[in-house]
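# Structure assessment
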Amino acid sequence: PPLAGVSRLGPVGVTTVLGRLTAAAAELVLGSVCAGCEEVPGLLCEACRDSLRGPARTVPAAAVPVQVTAAAEYAGPAKAAVLAHKEHGRLGLATPLGDALATAMVELLESAGCDWCGSRYVAVVPVPSTRSAVRRRGHDPLARAARRASAVLRKVGYDCTVVPALRQRRSVADQAGLDAAARRANLAGALAVRGSGRRLLGGRCVV
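Here the structure is a predicted model, which means the values were calculated and not measured. (Residues numbered from 1 in each chain as written. Predicted model: local features only at pLDDT ≥ 70, side-chain atom pairs only at ≥ 80, totals over all residues. Heavy atoms only, no water.)

Among the nonpolar cores identified, the biggest contains 14 residues, and Cys-34, Ala-35, Leu-44, Cys-48, Leu-52, Leu-93 and Leu-97 are the most heavily contacted of them. Of all the secondary-structure elements, those providing two or more residues to this core are helix H3 (76-87) and helix H4 (94-112). In this structure Leu-52 touches Leu-44, Ala-71, Ala-72, Ala-78, Pro-96, Leu-97 and Ala-100, once residues within four positions along its chain are discounted. Counting 13 residues, the second-largest nonpolar core is a separate cluster that includes Met-105, Leu-109, Ala-146 and Ala-149. (Core = buried A, V, L, I, M, F, W, Y, C linked by side-chain atoms within 4.5 Å. Buried < 20%, exposed > 50% of the residue type's maximum accessible area, 1.4 Å probe, protein only. Helix = DSSP H or I, 4+ residues; strand = E, 2+ residues; numbered from the N terminus. Contact = heavy atoms within 4.5 Å.)

Taken together, three strands build an open sheet; the order of strands is E4-E3-E7 and the sheet is parallel. Because the sheet does not close on itself, it has two edges, and the strands there are strand E4 (159-162) and strand E7 (205-206). Taken together, the two bridges between strand E3 (residues 121-124) and E7 define a ladder with parallel strand orientation. Among the inter-strand pairings, Ala-123 is bridged to a residue of E7, identified as Val-206. The sheet strands contacting helix H6 (residues 141-155) are E3 and E4, and the helix crosses E4 at an angle near 170 degrees. (Pairing = 2+ DSSP bridges. Axes fitted to C-alpha atoms, helices over the stretch in contact; angles between N-to-C directions.)

In this section: H4. Taking 1.5 Å of rise per residue, the 19 residues of H4 would be expected to cover 27 Å, and the 26 Å separating its terminal C-alpha atoms lies within 8% of that figure. Residues of H4 that are buried include every one of Ala-94, Pro-96, Leu-97, Gly-98, Ala-100, Leu-101, Ala-102, Ala-104, Met-105, Leu-108 and Leu-109, and no others. (Expected span 1.5 Å × (residues − 1).)

Now for the state of the cysteines. As used in these notes, a disulfide is a covalent bond between sulfur atoms, one from each of two cysteines. A full pass over the atoms with the stated rule returns zero disulfides. There is no disulfide at Cys-48, and the cysteine sulfur nearest it, in Cys-45, is 3.5 Å away. Overall, the relative accessible area of 5% leaves Cys-48 in the buried class. (Disulfide = S-S within 2.5 Å.)

Set out below in structure tokens:
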């Protein structure tokens, strides 16, 4: 969907830290294969990077009253890259995934036509991960991608900042395997705006 001192992370366990260090050392010593196709050496091959570069398009979203854009379908190399970054600690993937998020955001902002602000003042609001998920993964994947996306937008002329405006009000189930209706029910009322969020979001288009 891209952020220093933005996420309030819980303590990361020693086992998680050691696991991340071991994985990083293994990649340095043994090399790695493309997270998208698993056929070419490196983090992400050029063909798989291309699959994340758009062109971005508007996605029908009848269930929610907001405009939605995407740079890639969640399938094939794109899905594999997201999962490798999110669940397997391939932290370098935050850059191409953040670039993809930036591509989708530019399409969204240019098509939304916010006349009152010219769509140049933007707040990126990541959906917060649960503390248990952050501890398990050793990082907050969406926060990392959102920071990258925000930096890309600033380079092309947007006044863009990441705002951790949301907090979790209650625990939720793992979304994996849930259909759209079950996901809506799972998340209904689960998030709230932080006390400082409204002030930080003032005068900005919210993505």
